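Observations on the three-dimensional arrangement
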Number of protein chains: 2
Amino acid sequence: MGIVVQKYGGSSVSDAASIKRVAQRIVATKKAGHDVVVVVSAMGDTTDELLDLAHDVSPLPDGRELDMLLTAGERISMALLAMAIGNLGQQAQSFTGSQAGVITDSEHGKAKIIDVSPGRITKAVGEGAVAIVAGFQGVSQDSKDITTLGRGGSDTTAVALAAALEADVCEIYTDVDGIFTADPRIVPTARRIPVISYEETLEMAANGAKILHLRCVEYARRNNMPIHVRSSFSSKVGTWVVSAERMSEILNEGDGEAPVMEQAIISGVAHDRSEAKITVVGVPDKVGEAARIFETLADAQINLDMIVQNVSAAATGLTDISFTLPRADGQTAMTTLARLKDEVGYAQLQYDDGVGKISLVGAGMRTNPGISAKFFKAIADAGVNIEMISTSEIRISVVVNEQQIDDAVSAAHRAFDLDSDEVEAVVYGGSGR
Amino acid sequence: MGIVVQKYGGSSVSDAASIKRVAQRIVATKKAGHDVVVVVSAMGDTTDELLDLAHDVSPLPDGRELDMLLTAGERISMALLAMAIGNLGQQAQSFTGSQAGVITDSEHGKAKIIDVSPGRITKAVGEGAVAIVAGFQGVSQDSKDITTLGRGGSDTTAVALAAALEADVCEIYTDVDGIFTADPRIVPTARRIPVISYEETLEMAANGAKILHLRCVEYARRNNMPIHVRSSFSSKVGTWVVSAERMSEILNEGDGEAPVMEQAIISGVAHDRSEAKITVVGVPDKVGEAARIFETLADAQINLDMIVQNVSAAATGLTDISFTLPRADGQTAMTTLARLKDEVGYAQLQYDDGVGKISLVGAGMRTNPGISAKFFKAIADAGVNIEMISTSEIRISVVVNEQQIDDAVSAAHRAFDLDSDEVEAVVYGGSGR
């Protein structure tokens, strides 16, 4: 059998007991005949503790040094995991991102993987050892400095390694049983999605679902690497994230006549509480004014999400432009826009961080008309006002008042028959870094 | 001006406040015109905490993985120190042992430095940065695995780097003002030794003085690298450890006529509570029997210190052999010897861990007869019985009852006029790793 890459997040290795538990699962996989490569995050709150220390010594710590500091976290967890595996009689060796050949650019704190040259991993695995690799970290191509990959970095490390090693599967272990049709904390009857395409997962991730990070899914899609998201607390099958083609194959497996499983029109309902809305009121409706605003924001490295421009009032020749953006960028965006006031000549700026976004995601949208209408009606029936709308081929998103997110999510979930007969999910949380 | 290498132990960087304090001292040295390379240990108790974690997951952790784990400690302290220096407006970069070019053999947990290729350090310093290097760690020449140097490792890193960089001096910062004529906890009137030779320091270190580790001093002697042992809590001059030639020069500096300072006949009194004594009673006094015993112990990797063989009783043809060894090796030695009983035919084994060793160290012994007699008399006058004696050219050691170590040290210190008029030392402790 081939190579299995397993990734364990911080909550799966939060203390000695959980490290020993994870070690047993790894050894079981190895004994089942697989070659196993493990990617591990820092233990529990280690990263936050290290960040606190950094801010105790410097209000604005240097990026290179911050990466050097934070990578100590995975160094600790990976060495402990290797020891725990060794204690079960199975050979194991730990490797830093640099040793594992994870080559990145030099953007400290959010480096991108340029290449993976896992020669030492292949060697260790070839000698019968389990290789444990530090997630979230790499080494820069130019300066040979230690880098970190930013949020979702360990998942990305796992998928990148799996692709480089031509693994059969990349298993992402988390504290839930897979990807659900909605956040079970909001919709207790949310169902586990057995299989979902990369494209749908990307839309879910980009629109607030926290199980898999965008970059990791993008990497998997580019390399056609199957991801199996599952719980480290059970042995249940979780959610398979695969290509649309492979998804059809899986759904049609069985006796070859009827599909084993109907492909759902809608995969799930994602929500996002991390955005804010800015409205630029009274912009002169001339060619280039809107472009000037968005150019300036782009120069300030601010990523906009949804953008709506009202039809201008003929009488005044003025229009309003609204857009959403990460709340973390709100202050910078407002300052940047304030400096444009005289140049653009708008009337005023409005900032609203009391908004939330609901997204309906499903590949079936392409071939099923009327999905939007049904979605908007479900939300309206729940008494929720829609402030903005944006769509892609397989997603519809609406911005609503933050207080009404839960109602809107539940209503949409019910309207598209996503509710399970029983409550499946027990725990729910982010997958850490 | 040239390069100054400074080493700060764990107690000097135990928390954010002390890291900031050390950063200020480093920046001051840099501002005084020196190029500065800093070697740093792990913060306070970090190493012990990591060891505890290791033993929580495995009773006998793998050496390679233990080294991987422990090196996280310096990674944290060095990154924080670099940030703290950066916060004072001075550029600083941290480097792991591997990045600093500390090449070792593959003996995990007690690796030896084979070579130091500090290209990246030279480059960083050349660009005006302070280079912060992780002490205690390196990378193995053969397998490129992370190694640790064992006890005293950070001091050794500092001296090795200083030698490779052809630094002017290697400053070892600790929590006392230098090397003292005796442990100030026992002899409150002990004096700081202003200058001492490598040879004397080696004898002090080998015989229980805990300020500098043997390997570090050996490395300095081999490379003729001056060490300045001083306190990180004051700016006082500490103890200079230099070659005998340089020592004479320093003592004779001034107007060139009379020496500025008289070279002391005796440098200090060291003591050691870490040894045990084993006596093999009734060994047949035949050629080869003693050799057989010592060969077997050597094969078991046990380092003996002092050895005494009694004159055999003519009537019986039997003799007793006593030796001292580290208490940590006591159990292994007794088991090893027990297996030899039939072969060698000795009568019995005696184990005594209630012993201690007092050593008088001084280069002046060579040219001053009567030192031994005066030493033994002082100890006898203090009512202390001498159990064993061993000497080198510049040292006399005696084994006494552990309970009487303090009395013996004080008596010897007084007899050789080492007492200061006032109490100088305030704090005292080991220099960490």
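Thresholds applied
- Residues numbered from 1 in each chain as written.
- Chains lettered and ligands numbered in written order.
- Predicted model: local features only at pLDDT ≥ 70, side-chain atom pairs only at ≥ 80, totals over all residues.
- Heavy atoms only, no water.
- Domains from an automatic or database assignment.
- Contact = heavy atoms within 4.5 Å.
- Buried area = accessible area lost by both parts, 1.4 Å probe.
- Salt bridge = Lys/Arg side-chain N within 4 Å of Asp/Glu carboxyl O.
- Phe/Tyr/Trp six-rings, centres within 6.5 Å; stacked < 30°, edge-to-face > 60°.
- Helix = DSSP H or I, 4+ residues; strand = E, 2+ residues; numbered from the N terminus.
- Buried < 20%, exposed > 50% of the residue type's maximum accessible area, 1.4 Å probe, protein only.
- Least-squares fit on C-alpha atoms with pLDDT ≥ 70 in both.
- Pairing = 2+ DSSP bridges.
- Arc of directions from axis to C-beta.
- Axes fitted to C-alpha atoms, helices over the stretch in contact; angles between N-to-C directions.
- Polar contact = N/O pair within 3.5 Å; in protein donor to acceptor, adjacent residues only side chain to side chain.
- Nonpolar A, V, L, I, M, F, W, Y, C, P; charged D, E, K, R; others polar.
- Patch = residues over 30% accessible without salt bridge, like charges linked within 9 Å, V, L, I, M, F, W, Y side chains within 5 Å.
- Areas by Shrake-Rupley, 256 points an atom, 1.4 Å probe, with all protein chains shown as cover.
- Lys, Arg positive; Asp, Glu negative; His and termini not counted.
- Charge placed at Lys NZ, Arg CZ, Asp CG, Glu CD.

What follows covers the domain arrangement of chain A. Residue and element names in this part refer to chain A. You can read the domains of chain A as domain 1 (3–252) and domain 2 (265–417). Taken over C-alpha atoms, the centre of domain 1 sits 32 Å from the centre of domain 2. Facing the 18 residues of domain 1 at the interface are 21 residues of domain 2. When the two sides are added together, the surface that domain 1 and domain 2 hide from each other amounts to roughly 1,500 Å², 57% of it contributed by carbon and sulfur. Along the contact surface separating domain 1 from domain 2 lie one salt bridge. For the salt bridge of glutamate 203 with arginine 395, the shortest nitrogen-to-oxygen distance reads 2.5 Å.

Attention shifts here to the packing of aromatic side chains. All names here are of chain A. Counted according to the given criterion, the structure contains six aromatic pairs over all chains. For the ring pair tyrosine 8 and tyrosine 173, a centre distance of 4.6 Å and an interplane angle of 10° mean the geometry is stacked. Taken as a pair, tyrosine 8 in strand S1 (residues 3–8) and tyrosine 173 in strand S9 (residues 169–174) lie far apart in primary sequence, 165 residues in all. Here tyrosine 8 falls in the buried class, since its relative accessible area comes to 0%.

Taken as rigid bodies, chain B and chain A are interconverted by a rotation of 180° and an axial shift of 0.1 Å, the fit giving an RMSD of 0.2 Å. Put plainly, the chains are arranged around a two-fold axis. Relative to the rotation axis, the closest C-alpha in chain B is found at Ala72(B), a distance of 2.4 Å. The residues that chain B uses at the interface reappear at the interface of chain A in 100% of cases, marking a shared surface.

Moving on to the pattern of salt bridges. In the structure shown here, the tally under the stated rule is 43 salt bridges over all chains. For the salt bridge of Lys30(B) with Asp35(B), the shortest nitrogen-to-oxygen distance reads 3.5 Å. Residue Asp35(B) is classed as partly exposed on the basis of its relative accessible area, which comes to 25%. Linking Asp406(B) and Arg273(B) is a salt bridge whose minimum nitrogen-to-oxygen distance equals 2.9 Å. Taken together, the residues span a long stretch of sequence, with Asp406(B) in helix H13 (residues 405–415) and Arg273(B) in the loop between strand S13 (268–272) and strand S14 (275–284) at a distance of 133 residues. Three or more residues are tied together by salt bridges with common partners; here these are Arg64(A), Glu65(A), Asp145(A) and Arg120(B).

Turning our attention to the pairing of strand S16 (residues 318–326) of chain A. Residues and elements named next belong to chain A. Strand direction decides the pairing type here: strand S14 (residues 275–284) and S16, joined by eight bridges, are antiparallel. Among the inter-strand pairings, lysine 277 is bridged to a residue of S16, identified as threonine 324. Bridge count for strand S15 (residues 307–309) against S16 is three bridges, and the pairing is antiparallel. Looking at S16, one finds that glutamine 309 is bridged to isoleucine 321.

The next point concerns helix H7 (residues 214–223) of chain A. All names here are of chain A. Residues Cys216, Val217, Tyr219 and Ala220 constitute the buried set of H7. On an axial view of H7, the arc spanned by its buried residues comes to 160°, and they lie on one face. Check the buried side of H7 and you find it contacts strand S5 (113–116), helix H5 (153–164), helix H6 (198–206) and strand S11 (227–231). Just downstream of H7, asparagine 224 is the residue with a positive phi angle, here 50°.

Further remarks concern the environment of His413(B). Residue and element names in this part refer to chain B. Tracing the chain through its elements places histidine 413 in helix H13. For histidine 413 and leucine 80, which are 333 residues apart along the polypeptide, the C-alpha to C-alpha distance reads 42 Å. Aside from chain neighbours lying at most four places away, what touches histidine 413 is Thr181, Ala182, Val187, Thr189, Ala190, Arg191, Val269, Leu418 and Asp419.

The strands making up a sheet associate through hydrogen bonds between their backbones, and the pairing can be parallel or antiparallel. Residue and element names in this part refer to chain A. Overall, mixed pairing links the eight strands, which are arranged S3-S6-S2-S1-S9-S11-S12-S10 in an open sheet. Lying at the two open borders of the sheet, with one neighbouring strand each, are strand S3 (92–95) and strand S10 (195–197). The sheet shows a mean angle of 20° between the axes of neighbouring strands, direction not considered. Pairing geometry for S1 and S9, over five bridges, is parallel. Bridge assignment links tyrosine 8 to a residue of S9, and that residue is tyrosine 173.

Frequently, the measure chosen for interface size is the accessible area removed from exposure when the parts meet. Chain B puts 40 residues into the contact, and the matching count from chain A is 40 residues. Contact between chain B and chain A buries roughly 3,100 Å² in total, counting both sides, with carbon and sulfur atoms accounting for 63%. Among the residues of chain B in contact with chain A, Val57(B), Arg75(B) and Met83(B) are the three that bury the most area, contributing 24% of the side total. Our count for the chain B to chain A interface comes out at two salt bridges. Of the charged contacts in the structure, one is a salt bridge between Arg120(B) and Asp145(A), with a shortest N-O distance of 2.8 Å. In this assembly, chain B and chain A are joined by 16 residue pairs in polar contact (both at pLDDT 80 or more). Element by element, the count of residues in the side of chain B that touches chain A is highest for helix H3 (residues 63–87) of chain B, at 16 residues. Each residue belonging to the side of chain B that touches chain A can be placed in one class, and the counts come to 23 nonpolar, eight polar and nine charged.

So, on to a negative patch on the surface. All names here are of chain A. A surface patch of like charges, here negative, comprises Asp45, Asp48, Glu49, Asp52 and Asp56. Structurally, aspartate 48 can be placed in helix H2 (residues 46–57). On the basis of relative accessibility, which here comes to 48%, the residue aspartate 48 falls in the partly exposed class.

A few words now on the sheet that holds strand S4 (residues 102–104) of chain B. Residue and element names in this part refer to chain B. Taken in spatial order, the four strands line up as S5-S4-S7-S8 in an open sheet, and their pairing is mixed. The open sheet has two edge strands, strand S5 (113–116) and strand S8 (146–148), and neither has a second partner. This sheet shows a mean twist of 45° between the axes of neighbouring strands, independent of strand direction. Bridge count between S4 and strand S7 (residues 137–140): two bridges; the pairing is parallel. In the strand pairing of S7, threonine 104 is matched with serine 140. Each of S7 and S8 is contacted by H3, which is oriented at about 75° to S8, the strand it contacts most.

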